[in-house]
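Architecture and fold: a report
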Amino acid sequence: MELYYSFSILIVIATVFYYLNLRFLKLPATIGIMVIAMVLSIALVFIGNLVTAGPLQDFSVLIRNIDFTEILMNCMLNFLLFAGAIHINMSDLKEQKVPIMVFSTLSVVISTFVVGFTLYFLLNVLLPVGLHLKISLIYCLLFGALISPTDPIAVLSILKQAKVSKSLETKVAGESLFNDGVAVVVFAVILKIAQGESIDLSFTHISWLFIKEALGGFVVGVILGYIAALAMKTANDYKLSVLVTLSVVMGGAIVAHSMHISGPLTMVAAGLIIGESKRKRYDLEEGNINHVGAFWELLDEVLNAILFLFIGFELLLIPNLHEYWLIGAICIFVVLFARYISIKIPTLIIPFKEKFSSGTIKILVWGGLRGGVSIALALSVPEGDMKPVLIAATYFVVVFSIIVQGLTIGKLANKIKI
């Protein structure tokens, strides 16, 4: 019952914040909700230093007791990725398949190592200047792994309003949908090394891990997608269609977990197959398509609101956040630099069908937002001296990414006129 009450409180708060943003801030909904939650979190931290009991303290305890990593990685992420994939046109994705595959795999690996080595170098150079913090190379690489996956949630609607080209919009969406699974594998391998666990680092073993997680997840998702699409087609009932899609997400997550394959890629593959099947079925009643699409669009909006509410309130989990502002600023610079390198290098060495202009690269760099996945991975790091540093650095990057980059990407796209 405690979980029900906690979730009920969060839904009510998200609704109130959504209304306040719609009436007064008029920011994109997810960003507005996060900003209000952050302001309230700062107020709670300030008030918490003055009072030791009461409803506000109870609320702070409630937020601290919620397992954000468990809720996002094993629940919300599955729904969000499926909802995003089901609305993507497969033909658009096929046209951009090479850039999407490269940016969601090679670019993630490049970004991980560029962030890790650059951050390690800068922190060791700055130590004599007075930055009394030393992070080992392995934890710098761990930060690189958790901060490398991009999040399309806040930027896609803004890109649509900015009227960028369909190909660019597909690149951003496709990369963000597929890179979570790759980033989680890289993160898991580096975390085991950081914890001193024995792990086979041979190319064969690491390649097998990627194949098992990524390809395995994708294949299972495709199979689930085709089974679900067949059931929806033969039944031709929108209520059953909604139930089938829910079963794919919830049952598919259980299957992926039991098979130790990538749940995110399973959801993406299943969503793409079902979405494409919906678009191709001319014998299906129009109302069926509208109901299924409307259901997932609404669920996507609700879960996004809760997700960004969580991100705003995660500030309560970081003690003495002000002590990490310098490393936070350094990490923002390093992550943007690594993002540029991870996009630029593939465009130079891989013969893409279309040439990437400097304007396109700028949009891809500035539009590579970080979000809840990075925070969830940081929170999943076992307790230790480095965990508060990793969480604080991640939070600074995510907040800058969502608020600054998210609110300016539309203006940049309009200015470049891609």
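Residues numbered from 1 in each chain as written. Predicted model: local features only at pLDDT ≥ 70, side-chain atom pairs only at ≥ 80, totals over all residues. Heavy atoms only, no water.

1. So, the overall build of the protein
Rules: Under the scheme used here, helices are H or I runs from DSSP no shorter than 4 residues and strands are E runs no shorter than 2 residues, and both carry numbers assigned from the N terminus. For the exposure calls, accessible area comes from a 1.4 Å probe over protein chains only, and a residue counts as buried if that area is under 20% of its type's maximum, exposed if over 50%, partly exposed in between. We call two residues contacting when some pair of their heavy atoms lies within 4.5 Å. Computed with the Shrake-Rupley method and a 1.4 Å probe, the accessible areas treat only the protein chains shown as cover for residues.
When helices and strands are counted, the protein shows 17 helices and zero strands. Burial analysis of the protein (418 residues in total) assigns 52% to the buried set. For the protein, long-range pairs separated by at least 24 residues make up 84% of all intrachain contacts whose partners lie at least 6 apart in sequence. Entry remark: accessible area of the protein is about 19,600 Å², with carbon and sulfur atoms responsible for 68%.

2. Observations regarding a nonpolar patch on the surface
Put simply, the test is: Distance thresholds for patches are 9 Å for like charges and 5 Å for nonpolar side chains (Val, Leu, Ile, Met, Phe, Trp, Tyr), applied to residues having over 30% relative accessible area and no salt bridge. Salt bridge, as applied in this entry: a Lys or Arg side-chain nitrogen positioned within 4 Å of an Asp or Glu carboxyl oxygen.
Residues Trp208, Ile211, Leu215, Val219, Ile223 and Ile227 make up a contiguous nonpolar surface patch of about 600 Å² in total accessible area. Considering the arrangement of structural elements, one finds Trp208 in helix α10 (residues 203–235).

3. What to know about the packing of helix α4 (residues 68–85) against helix α9 (residues 166–194)
What counts, and what does not: Axis definition: a line fitted to C-alpha atoms, limited for helices to the stretch in contact. Angles are taken between N-to-C directions and run from 0 to 180 degrees. Here the word oblique covers every angle except those under 35 degrees (roughly parallel), over 145 (roughly antiparallel) and from 65 to 115 (roughly perpendicular). Any residue outside Ala, Val, Leu, Ile, Met, Phe, Trp, Tyr, Cys, Pro, Asp, Glu, Lys and Arg is labelled polar, Gly included; the first ten of those are nonpolar and the last four are charged.
Viewed as axis vectors pointing N to C, α4 and α9 meet at an angle of 150°, and their least axial separation amounts to 10 Å. For the element pair α4 / α9, the angle class is roughly antiparallel. Residues Met73, Leu77, Leu81 and Ala85 of α4 touch α9, and the partners they reach there are Leu177, Asp180 and Val184. A class-by-class count of the residues in the contact of α4 with α9 yields six nonpolar, no polar and one charged.

4. What to know about the packing of helix α16 (residues 372–379) against helix α17 (residues 387–416)
Where α16 meets α17, the closest approach of the two axes is 9 Å, and the angle between their N-to-C directions is 175°. Between α16 and α17, the angle falls in the class roughly antiparallel. Between α16, through Ser374, Ile375, Ala378 and Leu379, and α17, the contact on the second element is made entirely by Lys387, Leu390, Ile391, Thr394, Tyr395 and Val398. Residue classes in the contact of α16 with α17 are distributed as seven nonpolar, two polar and one charged.

5. Some words on the packing of aromatic side chains
Here is the rule: Aromatic rings from Phe, Tyr and Trp, with only the six-membered ring used for Trp, were paired whenever their centres fell within 6.5 Å, and each pair was classed as stacked if the ring planes differed by under 30 degrees, edge-to-face if by over 60, and tilted otherwise. Put simply, a charge is over a ring when the Lys NZ or the Arg CZ is close to the ring centre, within 6 Å, and near the line of the ring normal, within 35 degrees.
This structure, assessed with the given rule, holds 11 aromatic pairs. Members of the aromatic cluster, each reached through a chain of ring pairs, are Phe79, Phe82, Phe295 and Trp296. Sitting over the face of the ring of Phe24, Arg23 holds its NZ or CZ atom 5.3 Å from the ring centroid.

6. Here's the deal with the nonpolar core
So the rule is basically this: For our purposes a nonpolar core is just a set of buried Ala, Val, Leu, Ile, Met, Phe, Trp, Tyr and Cys residues, chained together by side-chain atoms within 4.5 Å.
One finds Phe68, Phe82, Ile135, Phe143, Leu309 and Ile311 to be the most contacted residues of the largest nonpolar core, which totals 112 residues. In this structure, Ile135 is in contact with Tyr120, Leu123, Cys140, Ile327, Met386 and Val389, ignoring residues within four places of it in sequence.

7. Focus: the pattern of salt bridges
Charged atoms that come close allow side chains of opposite charge to pair. Under the defined criterion, the tally for this structure stands at two salt bridges. In this structure, the salt-bridge partner of Glu175 is Arg339, at a minimum N-O distance of 2.6 Å. Taken as a pair, Glu175 in helix α9 and Arg339 in helix α14 (residues 325–349) lie far apart in primary sequence, 164 residues in all. In this structure, Glu175 and Arg339 share a single accessibility class: buried. Residue Lys387 pairs with Glu383 through a salt bridge whose shortest N-O separation is 3.2 Å.

8. Quick word on the environment of Ile345
Within the fold, Ile345 resides in helix α14. Among the residues examined, Ile345 registers a relative accessible area of 33% and is labelled partly exposed. Sequence separation of Ile345 and Ile110 is 235 residues, and the distance between their C-alpha atoms is 8.9 Å.

9. Concerning the side chain of Thr347
Looking at the secondary structure, you find Thr347 in helix α14. In this structure Thr347 comes out as buried when scored by relative accessible area, which is 17%. Not counting the four nearest positions on each side in its chain, Thr347 is found in contact with Phe103, Phe352, Phe356 and Ile361.

10. Thoughts on unusual backbone geometry
The backbone phi angle of Asn236 is positive, close to 55°, even though this residue is not glycine. Mapped onto the elements of the fold, Asn236 is located in the loop between α10 and α11 (238–259). One non-glycine residue, His260, lies in the positive phi region at around 55°. Structurally, His260 can be placed in the loop between α11 and α12 (263–280). Looking at His260, the relative accessible area reads 53%, which means it is exposed.

11. Some points on the side chain of Asn78
Here is the rule we go by: Two N or O atoms form a polar contact when they lie within 3.5 Å of each other; inside protein one atom must be a possible hydrogen donor and the other a possible acceptor, and for residues adjacent in sequence the pair counts only when both atoms belong to side chains.
Along the chain, Asn78 falls in helix α4. You can call Asn78 buried: its relative accessible area is 5%. A polar atom in the side chain of Asn78 sits 3.4 Å from the backbone oxygen of Asn74. Apart from the residues within four sequence positions on either side, Asn78 is in contact with Met73, Val249, Ala253, Gly263 and Met267.

12. Some words on the environment of Phe310
Inspection of the secondary structure assignment puts Phe310 in helix α13 (residues 286–313). Using a relative accessible area of 4% as the deciding quantity, one classes Phe310 as buried. For Phe310 and Phe68, which are 242 residues apart along the polypeptide, the C-alpha to C-alpha distance reads 7.6 Å. Those residues in contact with Phe310 that sit more than four places away from it in its chain are Leu10, Ile66, Phe68, Ile71 and Met76.

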